[in-house]
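For reference, the chains in residue letters:
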Amino acid sequence: MVKLTMIARVTDGLPLAEGLDDGRDIPDADFYKQQAKSLFKNLSMGQIEASRMSVETGPYIFHYIIEGRVCYLTMCDRSYPKKLAFQYLEDLKNEFERVNGSQIETAARPYAFIKFDTFIQKTKKLYQDTRTQRNITKLNDELYEVHQIMTRNVQEVLGVGEKLDQVSQMSSRLTSESRIYADKARDLNRQALIRKWAPVAIVIGVVTLLFWAKNKIW
């Protein structure tokens, strides 16, 4: 069965719409939604290049397609036919582009197209039962094949992003520490110069003062 449905803009990972009633029958639904958002983040950073992919996570599988800078993602049971999952996403894509296509790039707030949930729920019901004649026909349709769509593990996919984030954080930390070290080095050099030249400056100051005082007296 279809468990979750989320739509996001690829360029920045901004969530545009999702199934509002999704996840109520799933333990740890928030955990899987966070994984989906992490996938969107990796896509926005260019860390995942495939425009169609299946990603295994626990007892479920994420399926997504990218069209027109928008990612359409659903999470289904592992037993749910891959072909139906991608045809479900194709239906969402076609309607979303038709209704909201001209506004996608200008959307500035999360879930700007939350009203699309009505179509998500209606379409999801059509795909829930794989035994209906409609879905059996779609499964036998040879015009839409999914055999070559890659399937990967969620840890493998998200791990790439986590490692890059760690490298970025380490680089930032090293840069910050280098600046601190440079500041300390400048302070030490300044203190060394003061210790070196302070006695000379004092002597010159005393001599100058004495010379001035002598001229005043005479």
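Residues numbered from 1 in each chain as written. Predicted model: local features only at pLDDT ≥ 70, side-chain atom pairs only at ≥ 80, totals over all residues. Heavy atoms only, no water.

Selection criterion: UniProt positions are given in the numbering used here, feature names are shortened, and annotations may be inferred rather than shown by experiment.
Under an unreviewed UniProt entry, the protein chain has the name SNAP receptor and belongs to Datura stramonium. In the Sequence similarities (unreviewed entry) part of its UniProt record, the protein chain is described as follows: "Belongs to the synaptobrevin family."

1. Structural notes on a nonpolar patch on the surface
For the record, the criterion: Residues enter patches when their relative accessible area tops 30% and they take part in no salt bridge; the joining distance is 9 Å for like charges and 5 Å for the nonpolar side chains Val, Leu, Ile, Met, Phe, Trp and Tyr. For accessible areas, the Shrake-Rupley method is used with a probe of radius 1.4 Å. Any residue's cover is judged against the shown protein chains and nothing else. Any Lys or Arg side-chain nitrogen located within 4 Å of an Asp or Glu carboxyl oxygen qualifies as a salt bridge. Here a strand is any run of E in DSSP of at least two residues, a helix any run of H or I of at least four, and the numbering for each starts at the N terminus. When a residue's accessible area, from a 1.4 Å probe over protein chains only, is under 20% of the maximum for its type it is buried; when over 50% it is exposed; and in between it is partly exposed.
On the surface, a nonpolar cluster with roughly 400 Å² of combined accessible area is contributed by Leu193, Trp197, Val200 and Ile204. Tracing the chain through its elements places valine 200 in helix H5 (residues 154-217). Look at valine 200 and you get partly exposed, because its relative accessible area is 37%.

2. Concerning the packing of aromatic side chains
The cut-off we apply is this: Pairing of aromatic side chains requires ring centres within 6.5 Å, counting the rings of Phe and Tyr and the six-membered ring of Trp. Pairs whose planes differ by under 30 degrees are stacked, by over 60 edge-to-face, and all others tilted.
Scanning all chains against the criterion turns up seven aromatic pairs. Measuring from ring centre to ring centre gives 5.6 Å for tyrosine 88 and tyrosine 127, while their planes differ by 65°; the resulting arrangement is edge-to-face. One end of the pair, tyrosine 88, is in helix H2 (residues 82-100); the other, tyrosine 127, is in helix H3 (residues 117-128), and 39 residues separate them in sequence. Residue class for tyrosine 88 comes out buried when judged on its relative accessible area of 0%. You can call tyrosine 127 buried: its relative accessible area is 0%. Centre to centre, the rings of phenylalanine 96 and phenylalanine 113 are 5.5 Å apart; their planes meet at 90°, and the pair counts as edge-to-face. Separated by 17 residues along the polypeptide, phenylalanine 96 in helix H2 and phenylalanine 113 in the loop between H2 and H3 bring together distant segments of the chain.

3. Points about the pairing of strand E3 (residues 52-57)
Worth spelling out the cut-off: Paired strands, as defined in this entry, are two strands with at least two bridges between them according to DSSP.
Sheet analysis places E3 next to strand E4 (residues 60-67), joined by six bridges and oriented antiparallel. Within the sheet, the bridge partner assigned to methionine 53 lies in E4 and is tyrosine 64. Across four bridges, E3 lies against strand E6 (residues 150-153) in parallel orientation. Bridge pairing links valine 55 to arginine 152 in E6.

4. Here we look at the environment of aspartate 21
Operational definition: When checking whether two residues touch, look at their non-hydrogen atoms; a contact exists if any pair is within 4.5 Å. The definition of a polar contact used here is a pair of N or O atoms within 3.5 Å, where within protein one atom must be able to donate a hydrogen and the other to accept one, and adjacent residues in sequence count solely through side-chain atom pairs.
Checked against the element boundaries, aspartate 21 lands in the loop between strand E2 (15-18) and helix H1 (29-44). Since its relative accessible area comes to 40%, aspartate 21 is described here as partly exposed. Distance in space between the C-alpha atoms of aspartate 21 and aspartate 117 is 8.7 Å, their sequence separation being 96 residues. Aside from chain neighbours lying at most four places away, what touches aspartate 21 is Asp117 and Gln121. In this structure the side chain of aspartate 21 is engaged in a polar contact, spanning 3.3 Å, whose partner is the side chain of arginine 24.

5. Focus on H1
The test is simple: Between the first and last residue of a helix there are one fewer steps than residues, each counted as 1.5 Å, and that sum is the expected span.
For H1, spanning 16 residues, the distance from its first C-alpha to its last is 23 Å, which sits close to the expected 22 Å at 1.5 Å a residue. Just beyond H1, the residue with positive phi is glycine 46, at close to 75°.

6. Here's the deal with the side chain of serine 54
For serine 54, the position within the fold is in strand E3. Excluding its chain neighbours within four sequence positions, the residues that come into contact with serine 54 are Ile61, Phe62, His63, Lys82, Phe86, Ile149, Met150, Thr151 and Arg152.

7. Quick notes on the pairing of strand E1 (residues 2-9)
Looking along a regular strand, one sees side chains alternate from face to face of the sheet. Most of E1 sits out of view: eight of its eight residues are buried. Where E1 and strand E5 (residues 70-77) come together, seven bridges link them in antiparallel fashion. Counted as the bridge partner of leucine 4 is methionine 75 from E5. The sheet contact formed by E1 and E2 spans three bridges and is antiparallel. In the sheet register, methionine 6 faces E2, and the bridge partner there is glutamate 18. Two successive antiparallel strands, E1 and E2, enclose a turn made up of five residues, where glycine 13 displays a positive phi of approximately 75°.

8. Let's talk about the packing of H2 against helix H4 (residues 133-140)
Quick note on the threshold: Only the stretch in contact is used when a helix axis is fitted, and all axes are lines through C-alpha atoms; the angle between N-to-C directions ranges over 0 to 180 degrees. Geometric relationships in this document are graded by angle, where less than 35 degrees denotes roughly parallel, more than 145 denotes roughly antiparallel, 65 to 115 denotes roughly perpendicular, and other angles denote oblique. When residues are sorted by character, Ala, Val, Leu, Ile, Met, Phe, Trp, Tyr, Cys and Pro go into the nonpolar class, Asp, Glu, Lys and Arg into the charged class, and all the rest, Gly among them, into the polar class.
Here H2 crosses H4 at 105°, and the two axes come no closer than 9 Å. The angle between H2 and H4 places the two elements in the roughly perpendicular class. Contact residues: Lys83, Leu84, Gln87 and Asp91 in H2; Arg134, Asn135, Lys138, Leu139 and Asn140 in H4. Class assignment of the residues belonging to the contact of H2 with H4 gives a composition of two nonpolar, three polar and four charged.

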